[in-house]
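# Architecture at a glance
What follows is each chain in one-letter form.
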Amino acid sequence: MQDLDALYQLILDRKNNPKEGSYTDYLFTKGLDKILKKVGEESTEVIVAAKNDSDDEFVYEVADLAYHVLVLMVDRGISVDQIKRELSEREGLMSKTKERRDIKEL
Ligand SMILES: N=c1c2ncn([C@@H]3O[C@H](COP(=O)(O)OP(=O)(O)OP(=O)(O)O)[C@@H](O)[C@H]3O)c2ncn1[C@@H]1O[C@H](COP(=O)(O)O)[C@@H](O)[C@H]1O
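Bear in mind the structure is a predicted one, so any value in this text is a computation, not a measurement.

This part takes up the pattern of salt bridges. Taken as a whole and judged by the stated rule, the model has five salt bridges. Where K84 meets D5, a salt bridge forms, and the shortest distance between an N and an O atom there is 3.0 Å. Of the two residues, K84 sits in helix α5 (residues 80-105) while D5 sits in helix α1 (residues 4-16), which places them 79 residues apart along the sequence. Residue classification places K84 among the partly exposed positions, given a relative accessible area of 41%. Here D5 falls in the partly exposed class, since its relative accessible area comes to 30%. One salt-bridge network, in which partners are shared between bridges, spans K37, K38 and E41.

Set out below in structure tokens:
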């Protein structure tokens, strides 16, 4: 089973140790604009798949997007831990926002 941290590390390794024939290497060689184009395309494909009935197609497209976002993160020098930290900080913030919303609704 491919976990996101392990995939991030593999992508980072491709950046530091380019491997011939690697798609990840091809993206890094093409550069940021190409990576952004792929993230845009894959996002659109997720939206289209979400409107269709096939769960398999949706899962496939989300996995494509996840991979390309990880490539973008590596290219920008952003770690998975930074994203996790941001999400953790929101945990407290969001529950406070929800509490305020609940109080307003009373
Ligand atoms: N998860 C992925 C992954 N998801 C999608 N893709 C590639 O993303 C591309 C998306 O398909 P598209 O038709 O949109 O793009 P394309 O026509 O192939 O290429 P473009 O010219 O449009 O960029 C395909 O070529 C897929 O192979 C991925 N390529 C690699 N990985 C992971 O990265 C690891 C390292 O891969 P390499 O760098 O290729 O060794 C692999 O073991 C996988 O775990």
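Our next topic: the packing of aromatic side chains. Note on aromatic pairs: each is described by the distance of the centres and the angle between the planes. A full pass over the atoms with the stated rule returns two aromatic pairs. Ring centres 5.4 Å apart and planes at 40 degrees place the aromatic pair Y23 and Y26 in the tilted group. Highlighted residues: Y23 and Y26, both in helix α2 (residues 23-30), separated by three residues, approximately one helical turn. According to the relative accessible area criterion, Y23 is partly exposed, its value standing at 36%. Ring geometry for Y23 and Y67: centres 6.3 Å apart, planes at 35 degrees, overall tilted. Residue Y23 is located in helix α2, and its partner Y67 is located in helix α4 (residues 55-76); the two are separated by 44 residues in the primary sequence. On the basis of relative accessibility, which here comes to 15%, the residue Y67 falls in the buried class. Here a set of aromatic residues connected by ring pairs shows up, and it is made of Y23, Y26 and Y67.

Rules used in this analysis
Residues numbered from 1 in each chain as written. Predicted model: local features only at pLDDT ≥ 70, side-chain atom pairs only at ≥ 80, totals over all residues. Heavy atoms only, no water. Salt bridge = Lys/Arg side-chain N within 4 Å of Asp/Glu carboxyl O. Helix = DSSP H or I, 4+ residues; strand = E, 2+ residues; numbered from the N terminus. Buried < 20%, exposed > 50% of the residue type's maximum accessible area, 1.4 Å probe, protein only. Phe/Tyr/Trp six-rings, centres within 6.5 Å; stacked < 30°, edge-to-face > 60°.

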